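Descriptive structure summary
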Amino acid sequence: MLEIQRIRQEKEQIIEGLKKRHFDATKIIDEVISADAAWRQKKTELENVAAQMNSISKEIGILFREGKTDEANAAKAKTGELKEQENKLKNEVDALENDITELMYQLPNVPNELVKAGKSEEDNEIIEEVGTKPVFNHEVFPHWELAEKHDLIDFELGVKVTGAGFPIYKGKGAKLQRALISFFLDEAEKAGYQEHMPPLVVNEASGFGTGQLPDKEGQMYHIGEDDLYLIPTAEVPLTNIYRDVILPDDNFSIKITGYTPCFRREAGSYGKDVRGLNRLHQFDKVEIVRIEHPDNTADALQEMLDHVKGLLDKLGLQYRVLRLCGGDTGFAAAMTYDFEVYSAAQEKWLEVSSVSRFDAFQANRLKLRFKNADKKSQLCHTLNGSALALPRIVAALLENNQTADGIMIPEVLQSYTGFDRI
RNA sequence: GGAGAGUUGGCAGAGUGGUCGAAUGCGGCGGUCUUGAAAACCGUUGUACCGCAAGGUACCGGGGGUUCGAAUCCCUCACUCUCCGCCA
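Now for a look at the structure at hand. Everything numeric here is computed off the predicted structure, so don't read it as measured data. (Residues numbered from 1 in each chain as written. Chains lettered and ligands numbered in written order. Predicted model: local features only at pLDDT ≥ 70, side-chain atom pairs only at ≥ 80, totals over all residues. Heavy atoms only, no water.)

Read across the open sheet, the three strands follow the order β8-β14-β15; overall the sheet is mixed. Every interior strand has two partners, whereas the edge strands, β8 (246–247) and β15 (377–379), have only one. Of the pairings in the sheet, the one linking β8 to strand β14 (residues 369–371) comprises two bridges and is parallel in character. Bridge assignment links Ile246 to a residue of β14, and that residue is Arg369. (Pairing = 2+ DSSP bridges. Helix = DSSP H or I, 4+ residues; strand = E, 2+ residues; numbered from the N terminus.)

Take a look at the structure:
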């Protein structure tokens, strides 16, 4: 959620910025500003009436204590009209507040100045491309065929037990999952992130805190009986640790990481994009989350990008880095970089990480603040990124490392897997 | 699943209809004293919103109600704890 103060002060810049998303905010912002002006006026009126009521009530109390019952009852009679006014104003103020909140929920974050205007993924900028496409002198197989051939992942069995999109990893396939998770966590720890193991279900307040609710309700699995949600990413529990928190000073830099399974309903997905590991309802991911002073956000983002690059370098995967255009940048993000690895057999790029800065947008919903040098509360900045999501990494590793002698395991993983080939 | 007890400021903990945004203690901050520190003593110390300011308003788990007036009474929801049962 954008800050109302910012909308009052930087109306034009916000409208300009949101144009990069092909989002015309003019109407909403005008409505917000006029509703906000009306709200402040009504609010002041309401508070004046409340002040009068309070002072009369106080007097009545004193009169009763002094035994002046008649005078007290006379004063009581005066309150009727005020009370009516108060109720009327209260209703008006509440209605305006609801209007404003509803309007504000519709406004996405303002893209960073580096973000280019654009409508869809077609307009994303390729910032960097690392490595070369693998060359094969034999037939290449997609990962779902390799997984079946080597008995690594059983998609059919997953369908039997749960449904499509819930694969069962077996033998070396399961071990490879475990190895990647440990490797990613160890690397995050080396980079200064404290490991957390959070709950996999969250309450409604947490869903609102990170912005999955109310908009993306249909994307999460909901446990109706207890009104809890399966997490779509570790971002939700990890970030919500800091909901309603005021950090005591401006000298902080919070870096946390966590491995969790992620659950996504992926309603509306279909076709060849969902083949094999490309899109799942449950998958594993190591997430990194940072809470930073606004002055430090740009540096933090760069560090996170370098971290993810390091992981892909160590795994020996070819990858490219994209800066998403306005239209493709998520609702809450100010800027997002995607990492894609090349799938040799599918001959396409697979997104394996998304690293974003949210600036104060998320913190505003979370009420996550710090005390600045003037002892005033100020919103923190939040950032997060995948480091990394497993399924497509596994897909690329299987496909790109296939040889006539089996599938080669990258050296950095061998101490975790205990084998060097499949 | 059954029974009971709770939810108050950073923490502990009083407060059962009016002068309560809330005693007291601890912690924090500032000061006195001290070569320095500790102790002691004095002062100070919640959040948010409106306002140039003075000041005002709201908040005692959430929501609703009664009342001129609610931390306090009523309803409702959520959560926590204890005991019993079950159990990895």
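RNA strand B sits among 20 residues. The nearest are Glu47, Ser57, Arg65, Lys371 and Ser377. Close to the protein, within 4 Å, the atoms of RNA strand B belong to sugar or phosphate groups at a rate of 62%. A distance of 3.2 Å separates a phosphate oxygen of RNA strand B from a polar atom in the side chain of Asn54. At a separation of 3.3 Å, a phosphate oxygen of RNA strand B approaches a polar side-chain atom of Arg369. Elements supplying a minimum of two residues to the surface near RNA strand B: α1 (4–9), α3 (26–65), α4 (69–105) and β14. The greatest single-element share of the surface near RNA strand B, amounting to twelve residues, is contributed by α3. (Near = heavy atom within 4 Å. Polar contact = N/O pair within 3.5 Å; in protein donor to acceptor, adjacent residues only side chain to side chain.)

Within a sheet, adjacent strands bond to each other through the backbone by hydrogen bonds, running parallel or antiparallel. The eight strands are arranged β1-β11-β12-β13-β16-β10-β9-β4 in an open sheet whose pairing can be described as mixed. Two strands lie at the open edges of the sheet, namely β1 (125–130) and β4 (194–196), each paired on one side alone. Mean inter-strand twist for the sheet, computed between neighbouring axes without regard to direction, equals 25 degrees. In the sheet, strand β9 (residues 253–263) pairs with strand β10 (residues 282–292) via eleven bridges, with the strands oriented antiparallel. (Axes fitted to C-alpha atoms, helices over the stretch in contact; angles between N-to-C directions.)

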